[in-house]
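One letter stands for each residue in the lines below.
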Amino acid sequence: MKKPLLAALATLALTGVGTAPAVASSAAPAPAAAPTARAVSFAGTVSLSNCSGSVVRLPASEDDDPALVMSNGHCLETGFPAAGEVVVDQPSSRSFGLLNASGSRVGTLRAGKIAYATMTDTDVSLYQLTSTYAQIRSSYGISPLTLSDTRPTAGTAITVVSGYWKRTYACNVDGFAYRLKEGEWTWKDSVRYTSACQTIGGTSGSPVVDNATGKVVAVNNTGNEDGGRCTDNNPCEVAENGTVTVRKGINYAQQTYRIPACFGLDNKLDLSRSGCVLPKP
């Protein structure tokens, strides 16, 4: 996982080794940016205290629905959910810095609750805001990003958009990991990037945008730093037959096309809906 920035710095100061997703010190020079896809902007992305995220709508969301912010499960202010843990409808007053197309912060959004979060099968958090999509658009002229309900395909040109660093990473979907295992967590059908997307700590929770459609197809979450095998900071791919593959320096995201089926009228989470396969508490 891409370690939440502040927690990661504390860990590194104590041990010199990360115990979860990797991070770059804010004092260190940032690495060279990957080529940027011009069609993708920062509009609708957000910065968290330790991660990146985005204001997202579902295909059926309406303007007067409470808006949602998506990030990673491991970016929660309450810490990493344990393997098998699912967080639903928990109060939260977390704030998010809303960015415009050029990456300038134009306002602050606030959560009312954590609608859903987990690090089991996927690595996602969805906050319900105190504002509607219409109110955000009226106040800041910013529209949400739309979650695609279609699975991406290998070769798709994508851009990872980090609201924390105000940087983008352009590459392609290289393929998919049947299982991606990192420490105690296991994720299913993860997106593997081509090597051009050299994401760093703080990019956790960034939306992964399909350049052709402008829709979000995944949420950025991890990468193998040191060539380790299935350990914290070093996820490994596990094939259906049990074969383990380690890809040092390669980064990953979790697909999001299954999320829309789990929300109903008024953006209300309903894990019992037909077609919803997200883990349940």
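Only a predicted model underlies this, so the values are computations on that prediction, with no experimental measurement involved.

S.K.: Where do I start with the nonpolar core in this structure?
M.R.: Note that soluble globular proteins tend to have their nonpolar side chains buried in a common cluster. Counting 44 residues, the largest nonpolar core has Val 55, Met 70, Phe 96, Leu 129, Ile 136, Ile 259 and Phe 263 as its most contacted members. Where this core is concerned, the elements lending two or more residues are β2 (52-57), β3 (66-71), β4 (86-91), β5 (95-99), β6 (105-118), β7 (124-132), α2 (133-140) and β13 (216-223). Ranked by size, the runner-up nonpolar core spans 13 residues in total, among them Ile 158, Cys 197, Ile 200 and Ala 253.

S.K.: For this particular structure, what's the right way to read the state of the cysteines?
M.R.: Between two cysteines, a covalent bond joining their sulfur atoms is known as a disulfide. The final tally for this structure, using the stated rule, is four disulfides. Residue pairing for Cys 51: its cysteine sulfur links by disulfide to Cys 75, the two sulfurs lying 2.1 Å apart. Across the disulfide from Cys 51 to Cys 75, rotation about the S-S bond amounts to roughly -85°, and the bridge is consequently left-handed. With Cys 51 in the loop between β1 (45-47) and β2 and Cys 75 in the loop between β3 and β4, this pair connects stretches of sequence that are 24 residues apart. Overall, the relative accessible area of 0% leaves Cys 51 in the buried class. Covalently, Cys 262 is tied to Cys 276 through a disulfide, its sulfur atoms 2.0 Å apart.

S.K.: Can you walk me through the packing of aromatic side chains in this structure?
M.R.: Ring pairs (aromatic) are described by centroid distance and by the angle formed between their planes. Per the counting criterion, the structure on display carries three aromatic pairs. Ring centres of Phe 96 and Tyr 127 lie 5.2 Å apart, and the angle between their planes is 70°; this geometry places the pair in the edge-to-face category. Of this pair, Phe 96 sits in strand β5 while Tyr 127 sits in strand β7, placing them 31 residues apart in sequence. For Tyr 127, a relative accessible area of 0% gives the class buried. Between the aromatic rings of Tyr 164 and Trp 165, the centroid separation amounts to 5.2 Å while the plane-to-plane angle is 75°, which identifies the pairing as edge-to-face. A relative accessible area of 22% places Tyr 164 in the partly exposed class.

S.K.: Before we go on, may I ask you to explain unusual backbone geometry in this structure?
M.R.: With phi around 55°, Lys 166 is a residue other than glycine that occupies positive phi space. Assignment of secondary structure puts Lys 166 in the loop between β9 (157-162) and β10 (167-182). By relative accessible area, Lys 166 is classed as partly exposed at 39%. One non-glycine residue, Cys 230, adopts positive backbone phi at about 65°. For Cys 230, the location among the structural elements is in the loop between β13 and β14 (236-238). Under the relative-accessibility criterion, Cys 230 is labelled buried at 16%.

S.K.: Would you take a moment to explain the side chain of Ser 71 for this structure?
M.R.: Mapped onto the fold, Ser 71 is located in strand β3. With relative accessibility at 0%, the residue Ser 71 sits in the buried group. One polar contact links the side chain of Ser 71 to the main-chain carbonyl oxygen of Ser 52, over a distance of 2.8 Å. Beyond its immediate stretch of four places on either side in the chain, Ser 71 contacts Leu 48, Cys 51, Ser 52, Gly 53, Asp 123, Val 124, Ser 125, Ser 204, Gly 205 and Val 219.

S.K.: What is the right way to read the pairing of strand β12 (residues 207-210) from this model?
M.R.: Burial along β12 is two-sided: the residues Pro 207 and Val 209 and Val 208 and Asp 210 are all buried. Connecting β12 to the next strand, β13, in antiparallel fashion are five residues, including Gly 214 with a positive phi near 75°.

S.K.: Please clarify how the pattern of salt bridges should be interpreted in this entry.
M.R.: Oppositely charged side chains can form a pair if their charged atoms are brought close together. One pass over the structure, following the stated rule, counts eight salt bridges. Between Asp 189 and Arg 151 there is a salt bridge, with its nearest N and O atoms 2.7 Å apart. Taken as a pair, Asp 189 in strand β11 (residues 185-193) and Arg 151 in the loop between β8 (145-146) and β9 lie far apart in primary sequence, 38 residues in all. Classification of Asp 189 by relative accessible area gives buried; the value is 16%. Here the salt bridges share partners, and the residues they tie into one network are Asp 174, Arg 192, Glu 237 and Arg 247.

S.K.: How should the environment of Glu 240 be read in this particular structure?
M.R.: Positionally, Glu 240 belongs in the loop between β14 and β15 (244-245). Separated by 62 residues in the primary sequence, Glu 240 and Tyr 178 place their C-alpha atoms 6.3 Å from one another.

Parameters and conventions
- Residues numbered from 1 in each chain as written.
- Predicted model: local features only at pLDDT ≥ 70, side-chain atom pairs only at ≥ 80, totals over all residues.
- Heavy atoms only, no water.
- Core = buried A, V, L, I, M, F, W, Y, C linked by side-chain atoms within 4.5 Å.
- Buried < 20%, exposed > 50% of the residue type's maximum accessible area, 1.4 Å probe, protein only.
- Helix = DSSP H or I, 4+ residues; strand = E, 2+ residues; numbered from the N terminus.
- Disulfide = S-S within 2.5 Å.
- Phe/Tyr/Trp six-rings, centres within 6.5 Å; stacked < 30°, edge-to-face > 60°.
- Polar contact = N/O pair within 3.5 Å; in protein donor to acceptor, adjacent residues only side chain to side chain.
- Contact = heavy atoms within 4.5 Å.
- Pairing = 2+ DSSP bridges.
- Salt bridge = Lys/Arg side-chain N within 4 Å of Asp/Glu carboxyl O.

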